[in-house]
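# What the coordinates show
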Amino acid sequence: MSGPVRLLLADDHPVVRAGLRAVLDTEADFEVVDEAATADAAVRRVAVGGVDVVLMDLQFGTGMHGSEATAAISALPNGPRVLILTTYDTDADILAAVEAGAAGYLLKDAPPEELAAAVRTAAAGRSALAPAVAHRLMDRMRTPSAALTKRELEVLQLVGDGLSNLQISKRLFLSQATVKSHLVHTYAKLGVDSRTAAVAAATARRLIRR
């Protein structure tokens, strides 16, 4: 790539954006061209052009989720690469981001040199995964029959958020019977027999977040 890697920082916390800018500005081959306080704003800014890599948070206060924004950006022809930078390392978050087309997944406690390396890796068109994230994905590959599917994780996350089967069916555009079927499979994989126990077990294993 000729010229500096042009970066967009997408995070709803001004302090986080300021901290990232301070770290990234020390790298001679990086240029922070803009910031976005919402995922929606990040998608709009990317459409203008002039961005090579987006550092995307997952959870924003309102509006579009980071994974949704990642999918929208990844679908653009010749769009920038998206590097997820978040505090969440659950299976539900990781799988949603990877499926959305994220070029990498890094945790916010990563040291500056790891962040810089991940940005360069993403800009070069390769995948950049935090060691802990790569380990979780490898674990899923080793025991696929016992791993919850992305849809099962989505349903269980909504159960953990306090939604009923009816509310989940409307949110995910599924029938209530399908929601119940996903939960039955989830109970069997987790070795539990209730919604409360499933949420507790999944939270303890960092499959979903509470």
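Now for a description of the structure that goes with this document. Because the structure is predicted, anything quoted here is derived from the model rather than measured. (Residues numbered from 1 in each chain as written. Predicted model: local features only at pLDDT ≥ 70, side-chain atom pairs only at ≥ 80, totals over all residues. Heavy atoms only, no water.)

So, on to the nonpolar core. Counting 65 residues, the largest nonpolar core has Leu 7, Leu 24, Val 54, Leu 55, Met 56 and Leu 156 as the members making the most contacts within it. Among all residues touching Val 54, those that are not within four sequence positions of it are Leu 8, Ala 10, Val 46, Ile 73, Pro 80, Arg 81, Val 82 and Leu 83. (Core = buried A, V, L, I, M, F, W, Y, C linked by side-chain atoms within 4.5 Å. Buried < 20%, exposed > 50% of the residue type's maximum accessible area, 1.4 Å probe, protein only. Contact = heavy atoms within 4.5 Å.)

Let's shift gears to the sheet that holds strand E4 (residues 81-86). The sheet built from six strands is open, its strands ordered E2-E1-E3-E4-E5-E6 with parallel pairing. Lying at the two open borders of the sheet, with one neighbouring strand each, are strand E2 (30-36) and strand E6 (128-129). Note that E4 and strand E5 (residues 104-107) share four bridges and pair parallel. Within the sheet, the bridge partner assigned to Leu 83 lies in E5 and is Gly 104. Lying on the sheet, helix H3 (residues 66-74) is in contact with strand E3 (53-56) and E4; it crosses E3 at an angle near 170°. (Pairing = 2+ DSSP bridges. Helix = DSSP H or I, 4+ residues; strand = E, 2+ residues; numbered from the N terminus. Axes fitted to C-alpha atoms, helices over the stretch in contact; angles between N-to-C directions.)

Another point: the packing of helix H7 (residues 150-160) against helix H8 (residues 165-172). Running from N to C, H7 and H8 cross one another at 130°; their axes reach a closest spacing of 10 Å. The orientation of H7 with respect to H8, classified from their angle, is oblique. H8 is crossed by H7, and the crossing has right-handed handedness. In contact with Arg 151, Glu 154, Val 155, Leu 158 and Val 159 of H7, H8 contributes Ile 168, Arg 171 and Leu 172. For the contact of H7 with H8, the residue count by class is five nonpolar, no polar and three charged. (Parallel < 35°, antiparallel > 145°, perpendicular 65-115°, else oblique. Left-handed = near helix turned anticlockwise from the far one by under 90°. Nonpolar A, V, L, I, M, F, W, Y, C, P; charged D, E, K, R; others polar.)

Bridging between strand E1 (residues 5-10) and E2 involves six bridges; their strand directions are parallel. Across the sheet, Val 5 pairs through a bridge with Phe 30, a residue of E2. Taken together, E1, helix H1 (residues 14-24) and E2 form a β-α-β motif whose crossover is right-handed. (Right-handed = clockwise from strand over helix to strand, strands pointing away.)

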